[in-house]
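Survey of secondary and tertiary structure
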Amino acid sequence: AQKITQTQPGMFVQEKEAVTLDCTYDTSDQSYGLFWYKQPSSGEMIFLIYQGSYDEQNATEGRYSLNFQKARKSANLVISASQLGDSAMYFCAMREGPSWGKLQFGAGTQVVVTP
Amino acid sequence: DTAVSQTPKYLVTQMGNDKSIKCEQNLGHDTMYWYKQDSKKFLKIMFSYNNKELIINETVPNRFSPKSPDKAHLNLHINSLELGDSAVYFCASSRGYGELFFGEGSRLTVL
C-alpha cells in the first residue's frame, strides 16, 4: 500500500502567489517524521523542511511552511510568494520507526511558476 | 567541499555488462542509502547501511550488490545489466532522525 500520497501530478502558479502542495500519509506508528524535498530540472535533491510527529507547532523555513494536520494524516507544503526558481518537482516523504529507517517518497508534484 | 559525492555522474553501457557507482560522504553520518529514481521520477529505496552494516535490502535483484568499506563510503556494483536498470541512482546519508543529504545522482543508461 502506498504510504505517501501526492494527488497533484502538476500545477501552475503565478509568480508572487502562494501555492499549497498536498501530501497525505499512512502509518500506524506514533513516532514518525515528514519531509519535503525539491528537485529542480538539474536533478539534485534539496531538503526543504521537516515535521516530527510530536511537534506541536507547524514547521516553517523561510518561504516554506508545513501545514501539519495529524488527525487527517496530512502534511501539506505551502510556498509563499512563489519565484521562478521555485519551478521544480516537489516530493513529500516519511520516515517511520528507527532513526536509521528509510525515507519513503510520494510520487511528486511538478510545479511550474509563470511570470 | 561536496557533502555527498557520487562517481561517475553518467554511465552508458551495453546490456550484460557490469558497472559500479561509488559514493562518499564527509558529513560524519552513520547511515547511508542507495535510492533508484525511475523515468517517472519515482524514488525507491534500495539499500541502507548503518555503521557499515546492511540494515535495509528492499527486494532488489541480487545482481545489485552494495558494499560499505567504512562509514563514509557506500558503493553499488551491478552485474549483468538489463534495460530496466536504466535510471538515476542516488546515494544519501543521514544522522539520527535528521534529513537525508543526497548526492547529485548517477544517471545509468543501458543500451
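Structure: above.
Conventions we followed
- Residues numbered from 1 in each chain as written.
- Chains lettered and ligands numbered in written order.
- Predicted model: local features only at pLDDT ≥ 70, side-chain atom pairs only at ≥ 80, totals over all residues.
- Heavy atoms only, no water.
- Pairing = 2+ DSSP bridges.
- Helix = DSSP H or I, 4+ residues; strand = E, 2+ residues; numbered from the N terminus.
- Axes fitted to C-alpha atoms, helices over the stretch in contact; angles between N-to-C directions.
- Contact = heavy atoms within 4.5 Å.
- Buried area = accessible area lost by both parts, 1.4 Å probe.
- Salt bridge = Lys/Arg side-chain N within 4 Å of Asp/Glu carboxyl O.
- Polar contact = N/O pair within 3.5 Å; in protein donor to acceptor, adjacent residues only side chain to side chain.
- Core = buried A, V, L, I, M, F, W, Y, C linked by side-chain atoms within 4.5 Å.
- Buried < 20%, exposed > 50% of the residue type's maximum accessible area, 1.4 Å probe, protein only.
- Disulfide = S-S within 2.5 Å.

1. Remarks on the sheet that holds strand 1 (residues 4–7) of chain B
Residues and elements named next belong to chain B.
- Pairing is antiparallel in the open sheet, where four strands are placed in the order 1-3-8-7. Taken across any chain shown, the strands that pair with only one partner, and hence form the sheet edges, are strand 1 and strand 7 (64–70). The sheet shows a mean angle of 15° between the axes of neighbouring strands, taken without regard to direction.
- Alignment of strand 7 against strand 8 (residues 73–78), held across five bridges, turns out to be antiparallel. Counterpart to S65 in the pairing with strand 8 is H77.

2. Some details on the interface of chain A and chain B
- On the chain B side, the residues contacting the 21 residues of chain A number 21 residues.
- The junction of chain A with chain B conceals about 1,800 Å² of combined surface from both sides, 61% of it contributed by carbon and sulfur atoms.
- In this structure, the connection of chain A to chain B is made through one salt bridge.
- Residue E58(B) pairs with K102(A) through a salt bridge whose shortest N-O separation is 2.8 Å.
- Linking chain A with chain B are five residue pairs in polar contact (both at pLDDT 80 or more), by the criterion used here.

3. Re the nonpolar core
Residue and element names in this part refer to chain A.
- Counting 25 residues, the largest nonpolar core has L21, Y25, W36, I49, L77 and Y90 as the members making the most contacts within it.
- Listing elements by their share of this core, those giving two or more residues are strand 2 (10–14), strand 3 (19–21), strand 5 (32–39), strand 6 (46–52), strand 8 (64–69), strand 9 (74–79), strand 10 (88–96) and strand 12 (109–114).
- In terms of residues, this core owes the most to one element, strand 10, which gives four residues.
- Dropping the residues within four chain positions of it, Y90 is found in contact with Q6, L21, W36, Y37, K38, L48, L77, I79, G108, T109 and V111.

4. A few points about the state of the cysteines
- One pass over the structure, following the stated rule, counts two disulfides over all chains.
- What pairs with C23(A) in a disulfide is C92(A), and their sulfur atoms sit 2.0 Å apart. Between C23(A) and C92(A) the sulfur-sulfur dihedral comes to about -65°; the bridge is accordingly left-handed. A residue pair is termed long-range when its members are at least 10 positions apart, and C23(A) in the loop between strand 3 and strand 4 (24–25) and C92(A) in strand 10 qualify at 69 residues. With respect to burial, C23(A) and C92(A) carry one shared label: buried.
- Between the sulfur atoms of C23(B) and its disulfide partner C91(B) the distance amounts to 1.8 Å. In this structure, the disulfide formed by C23(B) and C91(B) twists by about -75° around the S-S bond and is classed as left-handed. Here C23(B), found in strand 3 (residues 19–25), pairs with C91(B), found in strand 9 (residues 87–94); they are 68 residues apart in sequence, far enough to count as distant.

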